[in-house]
Amino acid sequence: MKSAAKFSFRAVSVLISLALTFCCMLVQPVSSAEQQYISLQEYADRLGYLVNCARADAGLEPLLIAPYLTECANIRAEECCEVFGHTRPNGERGIYIVDENVLFHSAAAENIGAGRTTPEDALEQWKDSPKHWEAILSPDYNYTGIGIYYDPDSTYKWYWTEIFVTADDPISDAYMPLPYQVIPKCSGDLTGDGNVNCFDYIMMKKELLNDFHGLNPLQKESADVMADGSLNISDLVIMRGYILGKFDHVPMTIGDLIKSK
């Protein structure tokens, strides 16, 4: 019992006393399927950025991308390849794919498009449709999710879906879409330049203080320098320690911290 308590105390004391982050992880070859996913995700974020530019021109607040809504939108984009329209293959309305038990919302809308090969063209297609453009410029919505599906053997080949919702409660993993997808090259690299430095530290600090919603899912995964599946102040302390040279690698697990003592 004493040894367990001593172990726990040492783990906590190590966390409190430290300041660290990062060591590059080995880069694994990217499969064609993974590369296609990354490319489509870049397109989705690009479209989200363009939508927010249109909203800014209209004097509206930007929409944050919620990963759960993106999952729903990707399903709907693939369904539109099978049955193009606002009705799902099972006969339900398309927007019913958003489960209120997962994400409670007071309003929702869905935009669909097909045949356009770039985010810019997809937005133009919606701009030419009054109902779709009305959803994009609605001041009521605060979160969105964008899905893209590509099938070269299908009728239209490219399928685009954007889901909008009004959520009263904050969505913790939502992020602001950027004009390009930042892909971290190693643990702690939030800027995508292959290094871990004060710029990465500042970005993480702003994210934790809710002053910044720009981290995409890949950046958030990279920011988890304790490799415990969550992003919190401990990761910030570890990153700082790594930058200051107190630690020689990241990610740094609780076991690594104890061994370092």
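All of these numbers come straight from a predicted model, not from anything done at the bench.

This part covers the overall build of the protein. From N to C terminus, the protein includes 9 helices and 4 strands. Moving toward the C terminus, one meets the helices and strands of the protein in the order α-α-β-α-β-α-α-β-β-α-α-α-α. Put simply, the protein has 261 residues, and 44% of those count as buried. In the protein, once contacts between residues fewer than 6 apart in sequence are set aside, the share between residues at least 24 apart is 73%. Within the structure as shown, the protein displays about 13800 Å² of accessible surface, and the carbon and sulfur contribution to it stands at 55%.

Listing the buried residues of helix α4 (residues 119-127) in full gives Pro119, Ala122, Leu123 and Trp126. The buried residues of α4 occupy an angular sector of 100° when projected down its axis, which confines them to one face.

On to the sheet that holds strand β1 (residues 64-65). Read across the sheet, 4 strands follow the order β1-β3-β4-β2 without closing on themselves; strand pairing throughout is mixed. Looking at the sheet topology across the chains shown, the edges are occupied by β1 and β2 (107-114). The pairing of strand β3 (residues 143-150) with strand β4 (residues 158-166) spans 8 bridges and is classified as antiparallel. When the bridges of β4 are listed, Tyr150 appears paired with Trp158. Contacts from helix α3 (residues 67-82) reach β1, β2, β3 and β4 within the one sheet, and its direction differs from that of β3 by about 35°.

Further remarks concern the packing of aromatic side chains. The final tally for this structure, using the stated rule, is 7 aromatic pairs. Pairing Tyr156 with Tyr159 gives two aromatic rings, centres 6.3 Å apart and planes at 75°, and the pair type is edge-to-face. A relative accessible area of 1% places Tyr159 in the buried class. Residues Trp158 and Trp160 carry aromatic rings whose centres are separated by 5.9 Å and whose planes lie at 20° to one another, so their mutual orientation is stacked. Relative accessible area serves as the criterion here: at 16%, Trp158 is assigned to the buried category. Taken together through their ring pairs, the aromatic side chains of Tyr43, Tyr150, Trp158 and Trp160 make up a single cluster.

This paragraph deals with helix α6 (residues 198-208). The set of residues buried in α6 consists of Asp200, Tyr201, Met203, Met204 and Glu207. End-on view of α6: buried residues confined to an arc of 165°, all on one side of the axis. Packed against the buried residues of α6 are α7 (217-223) and α8 (233-243). Positive backbone phi, approximately 60°, marks Asn210, located one or two places after α6.

Once that is clear, we can look at the pairing of β4. In terms of residue burial, β4 counts as a mostly covered element, since 9 of its 9 residues are buried. The pairing of β2 with β4 spans 8 bridges and is classified as antiparallel. Residue pairing for β4: Asn111 is matched across the bridge by Glu162.

Taken as a whole, the protein shows an average pLDDT of 84; of its residues, 83% reach a score of 70 or greater. Here residues 1-35 scores under 50 on pLDDT; set against residues more than four positions off or in separate chains, the count is 76 contacts.

Our next topic: the pattern of salt bridges. Tallying each qualifying case throughout the model produces 6 salt bridges. A salt bridge links Glu120 to Arg46; the nearest nitrogen and oxygen atoms lie 3.0 Å apart. With Glu120 in helix α4 and Arg46 in helix α2 (residues 32-57), this pair connects stretches of sequence that are 74 residues apart. Here Glu79 ties to Arg76 by a salt bridge, and the two come within 2.9 Å at their closest N and O atoms. Pair noted here: Glu79 and Arg76 are both in helix α3, with a separation of 3 residues, about one helical turn. For Glu79, a relative accessible area of 11% puts it in the buried group. Judged by relative accessible area, Arg76 falls into the buried class, the value being 0%. Through salt bridges with shared partners, a single network forms among Arg76, Glu79, Arg88, Glu92 and Glu110.

Turning next to the packing of α6 against α8. Between α6 and α8, the least distance of the axes is 10 Å, while the angle of their chain directions is 165°. It follows that α6 is roughly antiparallel to α8 by the angle criterion. The hand of the α6/α8 crossing is left-handed. Contacts between α6 and α8 involve Cys198, Asp200, Tyr201, Met204, Lys205 and Leu208 on the former and, on the latter, Ile233, Asp235, Leu236, Met239, Arg240 and Ile243. Considering only residue class, the contact of α6 with α8 consists of 8 nonpolar, no polar and 4 charged.

The rules behind these values
- Residues numbered from 1 in each chain as written.
- Predicted model: local features only at pLDDT ≥ 70, side-chain atom pairs only at ≥ 80, totals over all residues.
- Heavy atoms only, no water.
- Helix = DSSP H or I, 4+ residues; strand = E, 2+ residues; numbered from the N terminus.
- Buried < 20%, exposed > 50% of the residue type's maximum accessible area, 1.4 Å probe, protein only.
- Contact = heavy atoms within 4.5 Å.
- Areas by Shrake-Rupley, 256 points an atom, 1.4 Å probe, with all protein chains shown as cover.
- Arc of directions from axis to C-beta.
- Pairing = 2+ DSSP bridges.
- Axes fitted to C-alpha atoms, helices over the stretch in contact; angles between N-to-C directions.
- Phe/Tyr/Trp six-rings, centres within 6.5 Å; stacked < 30°, edge-to-face > 60°.
- pLDDT = per-residue confidence, 0-100.
- Salt bridge = Lys/Arg side-chain N within 4 Å of Asp/Glu carboxyl O.
- Parallel < 35°, antiparallel > 145°, perpendicular 65-115°, else oblique.
- Left-handed = near helix turned anticlockwise from the far one by under 90°.
- Nonpolar A, V, L, I, M, F, W, Y, C, P; charged D, E, K, R; others polar.

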